[in-house]
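Here is how the chains run, residue by residue.
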Amino acid sequence: MSDESRKPPHVTHVGRYSALVPSTNLEDGPDPLEFERFDDAGGDDAEPRGHAPMGASLSVSHVDMCQQINRPAHHTVAFDNANLVVRRGQEFVLRVSFSRPPTPDDDFQLEFLIGSNPSANKGTMVAVTFGQRRGGGGGGWVGRVLEAQGPSLVLGVTPSPNAIVGKFRTYVAVVGRSGMHRTRRDPSTDLYVLFNAWCPEDPVFLPDEAERREYVLNEYGIIYQGAVKAVSQRTWLYGQFELGVLDACIHILDASRMPIYHRGNVIKLVRRGSAMLNSQDDNGVMVGNWSEDFSMGTAPTLWTGSVKILQEYANTGVPVCFAQCWVFAGIFNSFLRCLGIPARVITNFSSAHDNTGNLKTDLIFKTDGAPDKRSTRDSIWNYHCWNEVYMARPDLPDGMGGWQVVDATPQETSDGHFRCGPASVAAIKEGLLCHPFDAGFCFAEVNSDVVFYKRDRYGTLTPFRVDKRHVGQLVLTKAVGSDRPFDITYTYKYREDSMENQRTMNRAEEYGCELDHSELPETLLSVAMNTDKVYLGHDFNLQLEFQNQSDTPRTIQVHLAGSVVFYTGVEAHTFRDENLTVTVGANQTENVTLRITAQEYMPHLGSQLSLHFILTGQADDQSLSAIEVVNLETPPLMLRLSGRPKMQHEMSVTVSFTNHFQFALENVQMALEGPGLLSYRTHFYSVIAPQGSIDWTETFTPRIDGSKRIMATLSCSSLTQVSGTADLEVEP
């Protein structure tokens, strides 16, 4: 059988829909008729209803979208877009010039069309009327005459707070006795309508002005990485106002075939966006890759921001390679902010990924205390990044609005697609897991119990310790107006030992989440592991502190496993596996220091920067365990600016790096970008010798004033997560 014969037959909408459901915004549909005759018209010519001076008919000579007035009022000055961008629920003005001064008897209307098959009853064709017919047929859009200036009228138009979000085509129709004369299609009068966090009637309304400027208008953010005891950070350039990004975001919705008339519903839109930002099942924006082979694309650590990714996807329609969780979160944040939805990137440290659908993360050990890697299926990510969006939730009970979890990283399916949310953060905190969408999965990420099991020779699992505090230890986001971290753990969970937390857990269990109820004997032995800040390529000390609260000395048989791990908790290589014996006196503390050398871990490191230590111990009938994740710090890139920071004045930036390691860096890729300053640029070095230095200089011309940031990254097979930034204040 040939390949052609195996292809499914082409199926049309005929028989199911009266017309094809419109799902494309950027591709224009057929233009409306320039002259549209009324159904009940009897004459051949359209004429004004009143008697115009000198008998002249009324026609439109020009439409001015008044961008200089509208853009500042709608907080859209920064958009690098030739067309007007406004926010729904807020008036914008336009000037219509006619062939003569209009009279009160003249009748005309503005028409705004979106999609390929505009329809008034679907909100995709909006007629805004004036004069005697004002308020009729506007689909919630309202118009008024603000000023008459000879043959010109200044008109005010207020889109509905629930208007469809996207790109509208604008027409002016003059009404005659037998029909309407429309202006011809003019792409310069196309209009983008966005969500409006400044409008109290819009479901995305955010009351605080400082938060609106941070979560809608800020073009860069900080994404937190590393480990709970060694938090690192990197800048991500959202670039939501850069050339082509708004069209790229609309293209994503078009590619998802989301019906145009659903695009005013923020819940449906962010849910569709969550699915489309990954390519797992719908040919979406980015391909996830958690391996160490990025030869067929760009390493996730090399990306500086979202702009290049979104532009490439829009231009090619092919998923971009490659992403990991912080990249998915950064791009999703650009998509959301670009469309006007308040959004922020969240990092959950020690994030559970439970493969069995309960609230238990199971870690299994052999009888000698060594981790049983073959039997352990669950994992604890060092960190996981997702997004929060701010919106009302009219589909949920009162109090469930506000910040909602959405996640584009493909982990689990939701209604058949790899997506997550929106899930109410308030519902997660209260254990109200019955509310859509995916609250149970998000709840487990921050609340799972870590259960330690011993597996005997027959395969029987016996729990010996339960850690209720390890998962979801810290949840961070960027603070409003600064680069400092803001701890929002309390918005997701109550204190572990509080009555409120117990109530939440009981409620979660009522909704089907299985908690751990192991009855374990009270243990009088404990152990903690700690390190100071550790730099890549350096030796360091691993401090073990054993505590014996019993009245008799204890001799503990200890097993320590040290591994290089992916940040997802998956082991890459084991570099230490040792047994030791520790004796702790009655009611005493014993400290043990283990020296970990770079010579041990560096040969196994690859592109990873996380070391994972897990300790188990046995003393008679007492068991103990501890986990420590060490994040290796990397050297920064240095950025140096030259020239006066002024709009349309040429400047330069120099990126400098010195290889202080004892090995050469080969096939080094570097990237540089700054929204409003310079587009994504790359540079390649075949080798940077030990103690060798490089300088890379690029020129640029700022296109817009205000606070700006440039970011550079460096990545190669033996060194990743190297970046640097430079800030500047651009004068008008």
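Fair warning: this is a prediction, and the values are worked out from it, not measured in the lab. (Residues numbered from 1 in each chain as written. Predicted model: local features only at pLDDT ≥ 70, side-chain atom pairs only at ≥ 80, totals over all residues. Heavy atoms only, no water.)

On to the overall build of the protein, then. Helix and strand counts for the protein come out as 12 helices and 41 strands. Dimensions of the protein, computed from C-alpha atoms along their principal axes, come out at roughly 110 × 65 × 60 Å. In the protein, which comprises 732 residues, the proportion classed as buried is 54%. Counted over contacts in the protein with a minimum sequence separation of 6, partners at least 24 positions apart contribute 69%. Here the protein has roughly 31,300 Å² of accessible surface; of this, 49% comes from carbon and sulfur atoms. Averaging the coordinates of the 63 positive side-chain charges in the protein and doing the same for the 87 negative ones gives two points 3 Å apart. (Helix = DSSP H or I, 4+ residues; strand = E, 2+ residues; numbered from the N terminus. Buried < 20%, exposed > 50% of the residue type's maximum accessible area, 1.4 Å probe, protein only. Contact = heavy atoms within 4.5 Å. Areas by Shrake-Rupley, 256 points an atom, 1.4 Å probe, with all protein chains shown as cover. Lys, Arg positive; Asp, Glu negative; His and termini not counted. Charge placed at Lys NZ, Arg CZ, Asp CG, Glu CD.)

Next up on the list: the environment of Pro 200. For Pro 200, the location among the structural elements is in the loop between β11 (191-194) and α3 (209-217). Look at Pro 200 and you get exposed, because its relative accessible area is 55%. Distance in space between the C-alpha atoms of Pro 200 and Gly 89 is 8.6 Å, their sequence separation being 111 residues.

Before going further, it helps to spend a moment on the packing of aromatic side chains. Across all of its chains, the model carries 26 aromatic pairs by this definition. Aromatic pair Trp 290 and Phe 328: ring centres 6.3 Å apart, planes at 25 degrees, arrangement stacked. Of this pair, Trp 290 sits in the loop between β14 (286-288) and α6 (307-316) while Phe 328 sits in helix α7 (residues 325-338), and the two are 38 residues apart along the sequence. A residue is classified by how much of its surface remains accessible, and Trp 290, at 24% relative accessible area, is partly exposed. Residue class for Phe 328 comes out buried when judged on its relative accessible area of 0%. One aromatic cluster is present, built from ring pairs that chain together Trp 290, Trp 326, Phe 328, Phe 349, Trp 381, Tyr 383 and Tyr 567. Across the ring face of Tyr 261, the terminal group of Lys 122 is positioned such that the distance to the ring centre comes to 4.7 Å. (Phe/Tyr/Trp six-rings, centres within 6.5 Å; stacked < 30°, edge-to-face > 60°. Lys NZ or Arg CZ within 6 Å of the ring centre and 35° of its normal.)

A few words on helix α12 (residues 598-605). For α12, every residue scored as buried is listed here: Ala 598, Glu 600, Tyr 601 and Leu 605. Viewed along the axis of α12, the buried residues span an arc of 155 degrees, placing them on a single side of the element. Residues of α12 that are exposed and point more than 90 degrees away from the buried face comprise Gln 599 and Pro 603. (Arc of directions from axis to C-beta.)

Here we take up unusual backbone geometry. In this model, Cys 321 is joined to Phe 322 through a cis peptide bond whose omega is 5 degrees. If you trace the backbone, Phe 322 turns up in strand β15 (residues 320-323). That bond from Pro 436 to Phe 437 is cis: its omega, 5 degrees, falls within 30 degrees of zero. Of note, Phe 437 is situated in the loop between α8 (425-430) and α9 (439-447). For Arg 257, which is not glycine, the phi torsion reads 60 degrees and is therefore positive. Among the structural elements, Arg 257 can be located in the loop between α4 (245-255) and α5 (266-276). Backbone geometry at Gln 691 places phi at a positive 70 degrees, although glycine is not the residue there. Mapped onto the elements of the fold, Gln 691 is located in the loop between β38 (678-688) and β39 (693-700).

All told, the structure shown has 35 salt bridges when counted by the stated rule. Ionic pairing is found between Asp 395 and Arg 393, a salt bridge with its closest N-O pair at 2.9 Å. By relative accessible area, which is 40% here, Asp 395 ends up partly exposed. Overall, Arg 393 belongs to the buried group, its relative accessible area being 5%. For Arg 465, the salt bridge identified is with Asp 467, shortest N-O distance 3.4 Å. The class of Arg 465 is partly exposed, set by a relative accessible area of 24%. The structure contains a network of salt bridges with shared partners spanning Glu 36, Glu 111 and Arg 182. (Salt bridge = Lys/Arg side-chain N within 4 Å of Asp/Glu carboxyl O.)

So, on to α7. Under the 1.5 Å per step criterion, the end-to-end length of α7 is 20 Å for 14 residues, consistent within 8% with the ideal 20 Å. Immediately downstream of α7, the backbone of Gly 340 shows phi near 95 degrees, a positive value. (Expected span 1.5 Å × (residues − 1).)

Counting 94 residues, the largest nonpolar core has Met 286, Phe 335 and Tyr 492 as the members making the most contacts within it. When residues no more than four places from it in sequence are discounted, the contact partners of Phe 335 are Cys 249, Ile 252, Leu 253, Leu 269, Gly 273 and Leu 277. Core analysis: the next-biggest nonpolar cluster, separate from the first, contains 59 residues, Leu 580, Met 651, Phe 657 and Phe 700 among them. (Core = buried A, V, L, I, M, F, W, Y, C linked by side-chain atoms within 4.5 Å.)

A word on the packing of α5 against α7. Their axes nearest at 11 Å, the elements α5 and α7 cross at an angle of 150 degrees. Classed by the angle they form, the pair α5 and α7 counts as roughly antiparallel. The element α5 and its partner α7 pack so that their crossing is right-handed. Contacts between α5 and α7 involve Leu 269, Val 270, Gly 273 and Ser 274 from the first element and Phe 332, Phe 335 and Leu 336 from the second. Looking at the contact of α5 with α7 residue by residue, the class counts come to 5 nonpolar, 2 polar and no charged. (Axes fitted to C-alpha atoms, helices over the stretch in contact; angles between N-to-C directions. Parallel < 35°, antiparallel > 145°, perpendicular 65-115°, else oblique. Left-handed = near helix turned anticlockwise from the far one by under 90°. Nonpolar A, V, L, I, M, F, W, Y, C, P; charged D, E, K, R; others polar.)

Now for the sheet that holds strand β28 (residues 534-535). The sheet built from 5 strands is open, its strands ordered β28-β34-β33-β30-β31 with mixed pairing. If you trace the sheet from one side to the other, it starts and ends with β28 and β31 (571-584), each paired once. Note: β28 against strand β34 (residues 622-633), 2 bridges, orientation parallel. Of the residues in β34, the one forming a bridge with Tyr 535 is Glu 633. Relative to the sheet, α12 contacts β28, β30 (554-565), β31, β33 (610-619) and β34, its axis offset from that of β31 by approximately 155 degrees. (Pairing = 2+ DSSP bridges.)

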